[in-house]
Amino acid sequence: MRIREIQKLIDARLLCGEHLLDEEIHNVCGSDLMSDVLAFSNGQMLITGLVNPQVIRTAEMVDIRCIVFARDKTPDAGMIELAREKDMAVMTCRGSMFDVCGVLYQHGLRGEE
Amino acid sequence: MPDAIRMTFNVDGDDFAAAGTASSEVKRALKQLGMPPELVKRAAICMYEGEINMVIHADGGVASVAIRPGSVEIELRDRGPGIPDLELAMQEGYSTASEQARNLGFGAGMGLPNMKRYADELKIDTKIGVGTTVTMVLRDRTR
């Protein structure tokens, strides 16, 4: 599924990475524990409720292309700049992590392979 | 590629927000050198976990990386408190990390196990009150 479609499904606000909206996402990781993301993620998208620069760094290490912050959590300008530098799309949406995961699962996206 | 490309970084122990910048630079260098993506990802994860550990537990340290055709060697040297029980530290879920580290999404006792999971060789020399040196070797598994 393209990032553009995901954005629409979960009614998310895009904060950076507009040129990445047509990239395909196949596998998604939902976690607040960055060590878990590092240990197991082979997805292209991360859904999290944690907001700090290490979220962007962690995503960078495991080649995640898009980060969704649940419950309207909003990264600061420094984090967005870092994501931009690392060529990632960043979005924020109102739904909880559970709801965002549920909606995307219902539409065919899956967790790690 | 020459015999080895070496990179050295001073990892600042006071700036948690900046932790990971050395790993980021190494990842970029490995990509630019055309190393296989699978190796680049494993090396990035190993180095990042190590870098985070140095910041959380040891007030920083020095990271040295040697890149050779088909392999990456990462050495992380700190003058921290040392690891009293290495066997316990290697167990998934065991952690002595601070509340601050936990708030940032770490300290779940996954760092060393993750390094073991992704490195082809992991060696830890540690002495109480002197410091810890973690050495990891990662090889191109596609060769």
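One structure accompanies this document, and this report is about it. Small disclaimer: the values here were computed from a predicted structure and weren't measured. (Residues numbered from 1 in each chain as written. Chains lettered and ligands numbered in written order. Predicted model: local features only at pLDDT ≥ 70, side-chain atom pairs only at ≥ 80, totals over all residues. Heavy atoms only, no water.)

**Some thoughts on the interface of chain B and chain A**
(1) Moving on: The interface of chain B with chain A comprises 24 residues on the first partner and 21 residues on the second.
(2) Moving on: Both sides of the chain B and chain A interface together cover about 1,800 Å² of buried area, and 54% of this is carbon and sulfur.
(3) Moving on: The three residues of chain B that bury the most area against chain A are K27(B), K41(B) and Y48(B), which together make up 27% of that side's buried surface.
(4) Moving on: Where chain B packs against chain A, one counts 1 salt bridge.
(5) Moving on: Put simply, K27(B) and D63(A) hold a salt bridge, and the shortest N to O gap is 2.5 Å.
(6) Moving on: Run the count over chain B and chain A and you get 17 residue pairs in polar contact (both at pLDDT 80 or more).
(7) Moving on: If one sorts the elements of the side of chain B that touches chain A by residue count, helix 2 (residues 37-58) of chain B sits on top with 6 residues.
(8) Moving on: Considered class by class, the residues forming the side of chain B that touches chain A number 13 nonpolar, 7 polar and 4 charged. (Contact = heavy atoms within 4.5 Å. Buried area = accessible area lost by both parts, 1.4 Å probe. Salt bridge = Lys/Arg side-chain N within 4 Å of Asp/Glu carboxyl O. Polar contact = N/O pair within 3.5 Å; in protein donor to acceptor, adjacent residues only side chain to side chain. Helix = DSSP H or I, 4+ residues; strand = E, 2+ residues; numbered from the N terminus. Nonpolar A, V, L, I, M, F, W, Y, C, P; charged D, E, K, R; others polar.)

**Here we look at the packing of helix 3 (residues 53-61) of chain A against helix 2 of chain B**
(1) Moving on: It is at 9 Å that the axes of helix 3 of chain A and helix 2 of chain B come closest, and there the two elements cross at 150°. Relative to helix 2 of chain B, the element helix 3 of chain A lies roughly antiparallel. Contacts from Q54(A), R57(A), T58(A) and M61(A) of helix 3 of chain A reach helix 2 of chain B at K41(B), A44(B), I45(B), Y48(B) and I52(B).
(2) Moving on: Of the residues contributing to the contact of helix 3 of chain A with helix 2 of chain B, the split by class is 5 nonpolar, 2 polar and 2 charged. (Axes fitted to C-alpha atoms, helices over the stretch in contact; angles between N-to-C directions. Parallel < 35°, antiparallel > 145°, perpendicular 65-115°, else oblique.)

**Points about the environment of G131(B)**
All names here are of chain B.
(1) Moving on: If you trace the backbone, G131 turns up in strand 5 (residues 131-139).
(2) Moving on: Taking C-alpha positions, G131 is 28 Å from L39, a pair spaced 92 residues apart along the chain.
(3) Moving on: Every residue in contact with G131, bar those within four places of it in the chain, is listed here: D78, R79, G80, G82, D125 and T126.

**A closer look at the sheet that holds strand 3 (residues 45-48) of chain A**
All names here are of chain A.
(1) Moving on: Spatially, 5 strands are ordered 1-5-4-3-2 in an open sheet, and the strand pairing comes out mixed. The open sheet terminates on both sides in strands that have one partner only, identified here as strand 1 (13-16) and strand 2 (28-30). Neighbouring strand axes in the sheet, compared pairwise and without regard to direction, differ in orientation by 20° on average.
(2) Moving on: Direction of pairing for strand 4 (residues 66-69) relative to strand 5 (residues 89-92): parallel, over a ladder of 4 bridges. (Pairing = 2+ DSSP bridges.)

**A look at unusual backbone geometry**
All names here are of chain A.
(1) Moving on: Notably, D63 is not glycine yet its phi reads approximately 65°, a positive angle.
(2) Moving on: Looking at the element boundaries, D63 is found in the loop between helix 3 and strand 4.
(3) Moving on: Backbone geometry at D87 places phi at a positive 60°, although glycine is not the residue there.
(4) Moving on: You can see D87 is positioned in the loop between helix 4 (77-85) and strand 5.

**Focus: helix 5 (residues 111-118) of chain B**
(1) Moving on: Of all 8 residues that make up helix 5 of chain B, 6 are buried, and the element is covered over most of its length.
(2) Moving on: When helix 5 of chain B is considered as a whole, its buried residues turn out to be G111(B), L112(B), P113(B), N114(B), M115(B) and Y118(B).
(3) Moving on: Residues of helix 5 of chain B that are buried in the fold lie against helix 2 (34-40) of chain A together with helix 2, helix 3 (86-89), strand 4 (121-127) and strand 5 of chain B. (Buried < 20%, exposed > 50% of the residue type's maximum accessible area, 1.4 Å probe, protein only.)

**Let's talk about the packing of aromatic side chains**
(1) Moving on: Here the structure, examined in full by the defined rule, presents 1 aromatic pair over all chains.
(2) Moving on: Residues Y48(B) and F106(B) carry aromatic rings whose centres are separated by 6.0 Å and whose planes lie at 75° to one another, so their mutual orientation is edge-to-face. Residue Y48(B) is located in helix 2, and its partner F106(B) is located in the loop between helix 4 (99-103) and helix 5; the two are separated by 58 residues in the primary sequence.
(3) Moving on: Of the residues examined, Y48(B) reaches a relative accessible area of 0% and is grouped as buried.
(4) Moving on: R110(A) extends its terminal NZ or CZ atom over the ring of Y105(A), reaching a point 3.6 Å from the ring centre. (Phe/Tyr/Trp six-rings, centres within 6.5 Å; stacked < 30°, edge-to-face > 60°. Lys NZ or Arg CZ within 6 Å of the ring centre and 35° of its normal.)

**Concerning the pattern of salt bridges**
(1) Moving on: On inspection of all chains with the given rule, the structure shows 18 salt bridges over all chains.
(2) Moving on: Residues R68(B) and E73(B) are paired through a salt bridge, measuring 3.7 Å at the closest nitrogen-oxygen approach.
(3) Moving on: Judged by its relative accessible area of 24%, R68(B) is partly exposed.
(4) Moving on: As a salt-bridge pair, R77(B) and E75(B) come within 3.3 Å of each other at their nearest N and O atoms.
(5) Moving on: We classify E75(B) as partly exposed; its relative accessible area is 22%.
(6) Moving on: What you see here is one network of salt bridges that share partners, running through R2(A), R4(A), E5(A) and D22(A).

**With respect to the environment of A43(B)**
Residues and elements named next belong to chain B.
(1) Moving on: Mapping A43 onto the fold places it in helix 2.
(2) Moving on: Placed 17 residues apart in sequence, A43 and V26 show a C-alpha to C-alpha distance of 8.6 Å.
(3) Moving on: Ignoring anything within four residues of it in the chain, the contact list for A43 reads L30, I74 and L138.

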